[in-house]
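# Structural characterization, general
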Amino acid sequence: MTYSRIIGTGGYLPEKILTNADLEKLVDTSDQWIFERTGIRSRHLAAEDQDTCDLAEQAARRALTAAQCDVHQLDLIIVATTTPDRVFPSTACLLQARLGNHGAMAFDVQAVCSGFLYALSIADKFIKTGSVRRALIVGAEIFSRLLDWTDRSTCVLFGDGAGAVVVEASAEQGILSSHLHADGAYKDLLTVPATVTQGRLNGDGFTKMQGNEVFKFAVRALSQVVEEALAANQLDQSAIDWLVPHQANIRIIAATAKKLKLPMEKVVVTVSGHGNTSAASVPLALDVAVRDGRIQRGQMLLLEAVGGGFTWGAVLVKF
Ligand code: UT7
């Protein structure tokens with residue numbers, strides 16, 4: 001049996017930090033409201049001259065170094081992003097050119113905040129069929145550019161960043177299973193409805209969210225999908241060493257941990273300093289906990305995410 005093993009992780013956060021106190025000067029909000037409702041204290045923002053590929057490149061290089069993988073050994077590059085630099089080519093192709101790889105398969109995945117899990121699962125399938133040996137999977141976002149900075153219900157929630165992993169075919173256990181779902185019936189609850197037509201942006205180019213509805217759905221969907229992942233592997237929640245959740249809201253994270261009967265000490269939480277970095281949030285959180293030594297080889301990780309679409313999913317990984 002061939003598995004996909006994560007052999008290196010990387011992350012990158014832009015230098016500029018926007019605190020809740022900074023936001024108090026922009027909109028009618030308070031550090032207390034933001035922290036109590038979301039767990040966020042600050043988030044990073046890309047510089048004006050940085051693009052999504054810049055963030056992706058930094059995270060990718062760190063993951064490649066950690067994996068001791070030469071860029072020419074990659075057969076597949078996937079970038080999960082909601083904020084691509086161009087309509088086309090894909091950010092994955094732009095990243096491939098930056099890294100100096102020629103000929104690997106490269107494409108973007110758009111599943112908003114669940115994008116990294118979708119991309120990881122796709123890479124796993126390619127590896128299992130034998131057509132790919134090494135893959136680079138990146139979640140990268142400059143979500144701040146999709147925000148209306150006068151809308152307090154959205155602008156306090158998101159941040160910019162990138163996270164990456166390198167996965168390799170292995171006889172040792174790695175990704176055990178992935179469980180992905182979507183329901184487009186919820187398309188209007190979290191959306192940027194604009195399109196580019198005839199050289200113009202058509203429609204509203206800012207993030208619109210019915211936060212409360214998204215919240216309720218997220219808690220329900222994540223509870224179901226983490227149970228699905230455990231049941232598929234005939235595992236009890238006690239088998240989980242670390243929950244690595246999408247970092248949208250500490251209350252959603254805590255609800256999932258409670259469902260799994262996991263103490264918060266076994267949950268990787270970065271939302272306080274990262275905010276919601278959409279497709280970057282899970283690989284960024286993973287990288288933080290790998291680099292600070294909490295996550296160790298051989299441990300069982302449960303990754304989960306939910307996002308616009310709606311899309312949602314969970315991936316169980318023997319690290
Ligand atoms: O990445 C994937 C998906 N995204 C999410 O998972 C986000 C899910 N949703 C949430 O995290 C939460 O719903 C929010 C954090 C967005 C909002 O928290 P809430 O507890 O659901 O608050 P609410 O939307 O019900 O709003 C409560 C009140 C409202 O005032 P009234 O109508 O009660 O007077 C809002 O106008 O809070 C007000 N409010 C704010 N007040 C201060 C909304 N945003 C702010 C703000 N500062 N930034």
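Analysis parameters
Residues numbered from 1 in each chain as written. Predicted model: local features only at pLDDT ≥ 70, side-chain atom pairs only at ≥ 80, totals over all residues. Heavy atoms only, no water. Helix = DSSP H or I, 4+ residues; strand = E, 2+ residues; numbered from the N terminus. Expected span 1.5 Å × (residues − 1). Buried < 20%, exposed > 50% of the residue type's maximum accessible area, 1.4 Å probe, protein only. Contact = heavy atoms within 4.5 Å. Axes fitted to C-alpha atoms, helices over the stretch in contact; angles between N-to-C directions. Parallel < 35°, antiparallel > 145°, perpendicular 65-115°, else oblique. Left-handed = near helix turned anticlockwise from the far one by under 90°. Nonpolar A, V, L, I, M, F, W, Y, C, P; charged D, E, K, R; others polar. Near = heavy atom within 4 Å. Polar contact = N/O pair within 3.5 Å; in protein donor to acceptor, adjacent residues only side chain to side chain. Areas by Shrake-Rupley, 256 points an atom, 1.4 Å probe, with all protein chains shown as cover. Domains from an automatic or database assignment. UniProt positions renumbered as here; feature names shortened; annotations may be inferred.

## Let's talk about helix H7 (residues 211-232)
Helix length check: H7, at 22 residues, gives a terminal C-alpha distance of 31 Å against a target of 32 Å (1.5 Å per residue), a fit within 8%. Every buried residue belonging to H7 is among Val214, Phe217, Ala218, Ala221, Leu222, Ser223, Val225, Val226, Ala229 and Leu230, and all of these are buried. Looking at the buried side of H7, the elements it contacts are strand S8 (175-182), strand S9 (190-191), strand S12 (208-209), helix H8 (250-259), strand S14 (300-307) and strand S15 (311-318). Positive backbone phi, at 50 degrees, marks glutamine 234, one or two positions downstream of H7.

## With respect to the packing of H7 against H8
At a minimum axis separation of 9 Å, H7 and H8 run at an interaxial angle of 30 degrees. Considering their axes alone, H7 and H8 lie roughly parallel with respect to each other. The element H7 and its partner H8 pack so that their crossing is right-handed. Along the contact surface, H7 presents Phe215, Ala218, Val219, Leu222, Ser223, Val226 and Glu227, while H8 presents Arg251, Ile252, Ala255, Thr256 and Lys259. Each residue belonging to the contact of H7 with H8 can be placed in one class, and the counts come to seven nonpolar, two polar and three charged.

## So, the site of the ligand
For the ligand, the set of nearby residues contains 23 residues, the closest of which are Thr29, Arg37, Asn212, Asn249 and Asn276. Side-chain polar atom of tryptophan 33 to an oxygen atom of the ligand: 3.3 Å apart, as the coordinates give it. In this structure, arginine 37 approaches the ligand through a side-chain N or O atom, which is 2.9 Å from an oxygen atom. The protein chains hide 72% of the 950 Å² of surface that the ligand would expose on its own. Grouping the constituent residues of the shell around the ligand by class yields 11 nonpolar, eight polar and four charged. Each of domain 1 (3-172) and domain 2 (176-318) accounts for three or more of the residues forming the shell around the ligand.

## Quick look at helix H10 (residues 281-291)
The element H10 is largely enclosed, with a buried count of eight among its 11 residues. Residues of H10 that are buried include every one of Ser281, Val282, Pro283, Leu284, Ala285, Leu286, Asp287 and Ala289, and no others. Note on H10: the residue one or two positions beyond its end, glycine 293, has a positive phi of about 85 degrees.

## A closer look at the UniProt feature "active site" (unreviewed entry) in the chain
Summarizing the sequence annotation, UniProt attributes the feature "active site" (unreviewed entry) to Cys113, His246 and Asn276 in the numbering used throughout. Considering the C-alpha atoms alone, the annotated residues occupy 164 residues of sequence yet fold into one spot, their largest mutual distance being 8.6 Å. With respect to the helices, strands and loops of the structure, cysteine 113 is situated in the loop between strand S5 (105-109) and helix H5 (115-129). With a relative accessible area of 6%, cysteine 113 lands in the buried category. With near-sequence residues (within four places) excluded, cysteine 113 lies in contact with His246, Asn276, Ser278, Ala279, Ala305, Val306 and Gly307. Within the secondary structure layout, histidine 246 lies in the loop between strand S13 (242-245) and H8. For histidine 246, a relative accessible area of 6% puts it in the buried group. Excluding its chain neighbours within four sequence positions, the residues that come into contact with histidine 246 are Cys113, Ile253, Asn276, Ser278, Ser281, Val282, Glu304, Ala305 and Val306.

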